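Spelled out from the first residue to the last, the chains are:
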Amino acid sequence: MKNMRFHLLGSLGLVIVGLVSCGGKQEASAPPAPVVKVATVARRDVPLSREFVGRTVGSVDATVRTRVQGVLTEVLFQEGREVTEGQLLYKIDPAPFQAKVAAAKGQLAEAQTKLVQTEADLGRIRPLAAIDAVSKRDLDKAIAAKGVAEGAVDAAKAQVDAAQIELGYTQITSPVSGTIGISQAKVGEVVGGAGRTIVLNTVSKLDPIHVQFSVTEKEYLYFARLAQESGQGQKRYSLEMILADGSVHPDRGEVVKVDRGVDAASGAIAVEASFPNTTKLLRPGLFAKIRTVAEIRQGVVVVPRDAVKELQGTFQVFVVDSTGKVEQRDVQVGPTSGDFQVVEAGLESGETIAVEGIQRLRTGQTIEPKRS
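Because the structure is predicted, anything quoted here is derived from the model rather than measured.

Comments concerning the packing of aromatic side chains
Then step 1. Summed over the entire model, instances satisfying the criterion amount to five aromatic pairs.
Then step 2. An angle of 25° between the planes, with centres 5.4 Å apart, marks the rings of F52 and F213 as stacked. Remark: F213 occurs in strand β9 (residues 199–216) and F52 occurs in strand β2 (residues 42–65); sequence separation between them is 161 residues.
Then step 3. Among the residues examined, F213 registers a relative accessible area of 6% and is labelled buried.
Then step 4. Judged by centre distance (5.2 Å) and plane angle (75°), the ring pair of F77 and Y90 falls under edge-to-face.

Shown next as structure tokens:
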């Protein structure tokens, strides 16, 4: 009985020793190093671009206005179609203005009759004054009357001209050739005058098309200094236009207008660029993103943008040594170019950095590098 007890105790001891031994082996085994994608830091020539957001406008946006008040009687064009300079667009009822012309011509005739009468009076008085048959005063009055009559004729002629000009305003023509919009007034409406429609329409020249956008003070100084360094007072940049659907306009453009100064409210300078638009696809009011290559930085250190972590204005990358150990390092960044970030200080060409999963990495951690 005693021997059986010792035998059971011995077996139990062996089991306990085995369990302890197994547990010790499990605690000693370390997790495998995480696989992290890495890349080698390189130097390259990098084109640095700038982008600006704007809207398209016609290269000419001419408003069609009424200069007189009256009833609109005819609309003589198709909205949204091409019109030519001088083409008749609208007619206003001419009857009231024809009456003004007739009245002005009547006043002119009356003034001319008065002038003929004063000239005849002066013709009779002048020889009588020469022989002292009439007084010098009578001669002076006749001369003055003729001068007044001549002035009245000139004034009446001016009234006729003004009335005829107003009559001409009842026929409204296109100020330029281009595409006309939807009319702001319909036949039968009273246009012009206080509280009435004055701007009837707009005619836009679509080829070339223009884009209006703004440049901040910093961006202006950047471009101005580049122009000075290149020795060109006004450097011409080739511009690219990206439309709302992501498509790129086939033709490149250039800046044609720059405002004289910075707007105090916005802190920006208004700029206008011109692009060919031979197909007339582009119309005023479209969203447009303008992109230009400002300069090419030669031989600079570049890394993928995903490899850079920002924390409260400080930028870091994770450098990986030959053993796979990770070191977090502060870097000084420059501008971006597409998917790449220029690093101005903190990295050297040939070093290896982690390019994915950097939010989970820590200094001193060992990884298994994976190159793409």
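On we go from here.
Quick word on unusual backbone geometry
Then step 1. P208 follows D207 through a cis peptide bond whose omega is 5°.
Then step 2. Mapped onto the elements of the fold, P208 is located in strand β9.
Then step 3. The backbone of D132 sits at a positive phi, close to 60°, despite the residue not being glycine.
Then step 4. When you line up the elements, D132 lands in the loop between α2 (95–130) and α3 (136–168).
Then step 5. In this structure D132 comes out as exposed when scored by relative accessible area, which is 69%.
Then step 6. Look at Q312: it is not a glycine, yet its phi comes out positive at around 50°.
Then step 7. Take Q312: it is sitting in the loop between β14 (309–311) and β15 (314–320).
Then step 8. On the accessibility criterion, Q312 (79% relative accessible area) is exposed.

What about the nonpolar core?
Then step 1. Counting 20 residues, the largest nonpolar core has V211, F213, M241, F275 and I290 as the members making the most contacts within it.
Then step 2. Taken together, the elements giving at least two residues each to this core come down to β9, α4 (217–230), β10 (239–243), β12 (268–275) and β13 (287–304).
Then step 3. Counting residues in hydrophobic clusters, the runner-up holds 15 residues, among them F77, I172, L200 and V203.

Calculation criteria
Residues numbered from 1 in each chain as written. Predicted model: local features only at pLDDT ≥ 70, side-chain atom pairs only at ≥ 80, totals over all residues. Heavy atoms only, no water. Phe/Tyr/Trp six-rings, centres within 6.5 Å; stacked < 30°, edge-to-face > 60°. Helix = DSSP H or I, 4+ residues; strand = E, 2+ residues; numbered from the N terminus. Buried < 20%, exposed > 50% of the residue type's maximum accessible area, 1.4 Å probe, protein only. Core = buried A, V, L, I, M, F, W, Y, C linked by side-chain atoms within 4.5 Å.

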